[in-house]
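# Observations on chain architecture
Chain by chain, the residues:
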Amino acid sequence: MSSSAVATTASSNDRRHRWKVLGVGVAANASFSAAFSGIPTTAVLIRSGYHLDNAELGLVLGLMGLGIALSELPWGLLTDRWGDRPVLLSGLATTAMALALMALFVVPGPGRVPGLPLLAAGLLLVGLLGGSVNGSSGRAVMTWFGEGERGMAMSIRQTAVPLGGAIGALFLPALAAHFGFASVYGVLALFCAVTLFFTWLWLYEPVASAAEKIHATRQPTTPAPLKDRQLWRIVAAIGILCAPQCSILFFGAVFLHDFSHAGIAAITIAMATLQCGAMVMRVWSGRWTDRKHNRREFLRFCTISSAIAFAALAALVTLAGQSPNIGTVMATLLIAMLVLTGVSISAWHGVAYTELATIAGARNAGTALGMANTSVFVMCFLTPLAIPHILTFGSWPAVWLLGSACALIALRFFPKPVQAMPASVPCPQ
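Described in the following lines is the structure provided in the data block. Quick caveat: nothing in here was measured; it's all calculated off a predicted structure.

Quick look at helix α17 (residues 396-411) now. Look at α17: 24 Å from first C-alpha to last across 16 residues, which is about the 22 Å you get at 1.5 Å a residue. Among all positions of α17, only Trp396, Pro397, Val399, Trp400, Gly403, Ser404, Ala407, Ala410 and Leu411 are buried. Angular distribution of buried residues about the axis of α17 spans 165°; they occupy a single face of the element. Its buried side turned inward, α17 meets α11 (229-258), α13 (295-321), α14 (328-344) and α16 (365-393).

Assignment of secondary structure puts Gly186 in helix α9 (residues 181-202). For the pair formed by Gly186 and Met97, sequence separation is 89 residues and the distance between their alpha carbons is 9.9 Å.

Our next topic: the packing of α11 against α17. At a closest axis distance of 8 Å, the pairing of α11 and α17 adopts a crossing angle of 160°. Compared by their axis directions, α11 and α17 come out roughly antiparallel. Of the two elements, α11 crosses α17, and the hand of that crossing is left-handed. Packed against α11, whose contacting residues are Ala237, Ile240, Leu241, Ala243, Pro244, Ser247, Ile248, Phe251, Val254 and Phe255, the element α17 presents Trp396, Trp400, Gly403, Cys406, Ala407, Ile409 and Ala410 at the interface. Of the residues assigned to the contact of α11 with α17, the class counts are 15 nonpolar, two polar and no charged.

What follows covers the side chain of Ser31. Here Ser31 is to be found in helix α1 (residues 3-36). The buried category is assigned to Ser31, whose relative accessible area is 5%. Of note is the side chain of Ser31, whose polar atom sits 2.7 Å from the backbone oxygen of Ala27. Dropping the residues within four chain positions of it, Ser31 is found in contact with Phe191, Cys192 and Thr195.

With that settled, consider the packing of helix α6 (residues 132-144) against helix α7 (residues 150-158). Packing of α6 against α7 leaves a shortest axis separation of 10 Å and a crossing angle of 150°. Compared by their axis directions, α6 and α7 come out roughly antiparallel. The hand of the α6/α7 crossing is right-handed. Counting all contacts with α6, which are made through Val133, Asn134, Ser137, Gly138, Val141 and Met142, the residues of α7 involved are Arg150, Ala153, Met154 and Arg157.

We now examine the pattern of salt bridges. Summed over all chains, the structure comprises four salt bridges. Close ionic contact of Glu355 with Arg295 constitutes a salt bridge, the shortest N to O distance being 3.7 Å. Taken together, the residues Glu355 in helix α15 (residues 349-360) and Arg295 in helix α13 connect sequence positions 60 residues apart. Assigned by exposure class, Glu355 and Arg295 land together as buried. Residue Glu355 pairs with Arg296 through a salt bridge whose shortest N-O separation is 2.9 Å. Remark: Arg296 occurs in helix α13 and Glu355 occurs in helix α15; sequence separation between them is 59 residues. For the pair shown, Glu355 and Arg296 are each scored as buried.

The end-to-end C-alpha separation of α6 is 19 Å, in line with the 18 Å expected for 13 residues at 1.5 Å each. Here α6 lies mainly inside the structure; twelve of its 13 residues are buried. Along α6, the residues that are buried comprise Ser132, Val133, Asn134, Gly135, Ser136, Ser137, Gly138, Arg139, Ala140, Val141, Met142 and Trp144.

About the thresholds
- Counting of residues starts from 1 at the beginning of each chain's written sequence and follows it residue by residue.
- Reporting in this predicted model follows two pLDDT cut-offs: at least 70 for local features of residues, and 80 or more for side-chain atom pairs to be given and counted; totals over whole chains, interfaces and linings ignore these cut-offs and use all residues.
- Just so you know, side-chain values use all the structure's heavy atoms and leave hydrogens and water out.
- The helix and strand labels rest on DSSP assignments: H or I over at least four residues marks a helix, E over at least two residues marks a strand, and numbering proceeds from the N terminus.
- Take the residue count of a helix, subtract one, and multiply by 1.5 Å to get its expected span.
- Residue exposure (1.4 Å probe, protein chains only): buried if accessible area is under 20% of the type maximum, exposed if over 50%, otherwise partly exposed.
- As used here, the arc is the angular range of directions from the helix axis to the C-beta atoms.
- Contact criterion: two residues are considered in contact whenever any of their non-hydrogen atoms come within 4.5 Å of each other.
- Axis definition: a line fitted to C-alpha atoms, limited for helices to the stretch in contact. Angles are taken between N-to-C directions and run from 0 to 180 degrees.
- Working definition: roughly parallel below 35 degrees, roughly antiparallel above 145 degrees, roughly perpendicular at 65 to 115 degrees, and oblique for all remaining angles.
- Left-handed is the label given to a crossing in which the near helix is rotated counterclockwise from the far helix by less than a right angle, and right-handed is the label when the rotation is clockwise.
- For this scheme, ten residues count as nonpolar: Ala, Val, Leu, Ile, Met, Phe, Trp, Tyr, Cys and Pro. Four count as charged, namely Asp, Glu, Lys and Arg, and the remainder, Gly too, count as polar.
- Whenever two N or O atoms come within 3.5 Å, that pair is a polar contact, provided that in protein one can donate a hydrogen and the other can accept it, and provided that, for residues adjacent in sequence, both atoms are side-chain atoms.
- One side-chain nitrogen of Lys or Arg within 4 Å of one carboxyl oxygen of Asp or Glu is enough to make a salt bridge.

As structure tokens, then:
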């Protein structure tokens, strides 16, 4: 077989294999998202099972986010240095072990309720180890997919976050209610273990052709990610925009239970619908912005629409609060508005991460995504801590109005679309 035929065969195999790599990325993120986004859907049961008040509940839910925030950038730097495979394998293995230990030692039972420090330490450890999956799987996608399809690929990978959240919302509350929290942590550990096997089987670095190597050496040098002001502006926008998103993901179930008096079944359906809607929007937005080349315009549109949605939710809650009893119609409207707002504030992730990684370049994608995820999970730590205090001094409309304000602030940090240069007009002779 000639060298050109061998190259063609290798290229064809790579194009097929990249979908397996994308599948591994989705599975890895979904496995961890089922823990990070799914455990908060059991917030009402955590509060009663571990005998916590709202402030303590916000602390334990936020500590997983703190663990991710502290570890994301180091994991991203290690990914760019060592590669995707070793980081993702080690991260999934240790996360599965941490969840298994929680299933054995950090579950309430008859006559025994683990203390707040033990629960907090366990969730913090899960966050520190699970932070490995984001940057490493994102860098793998950037490596295997070309510029014209990275938006769709990265958005598909980002659907793993609402996918894992939807799985968690559907199953974890029922598991916690009927079988206890040992089953919750055990199932999450099993998810990570299964994903670990397929990561070991399928994830490796693509073999670059000679032409690709020459092209890479000729590409202009980009600033180091940690010194790039444009990257930091996008990182800031992503982080700020995640504050209102976390308010819904972490306290949406509490809001529906305490304010709307919804039952576990209604809360489960609402949160799962929210996550599924976010998943669909992320895939669609990635494909659409790949075709239209309008990532920056889309990001600004999502930010404005989220600000409007949160303001409308606050107005509806204010209206509902004027009546001593919330009727069925109003309760349904509140659930629908919460879901719509949650989908709006969750639709932009894949496009934002693609724009960020494209500016940084594939070689620095792990670090850039680590920067973004650090910003995201700092907010995921701070938001659950702040909301109980906002509720103490204000009300639920105040929570949602602050979400609208955060979206408007984030709008100032997202880069404006690049204007096309006008064609030059020839001077009259």
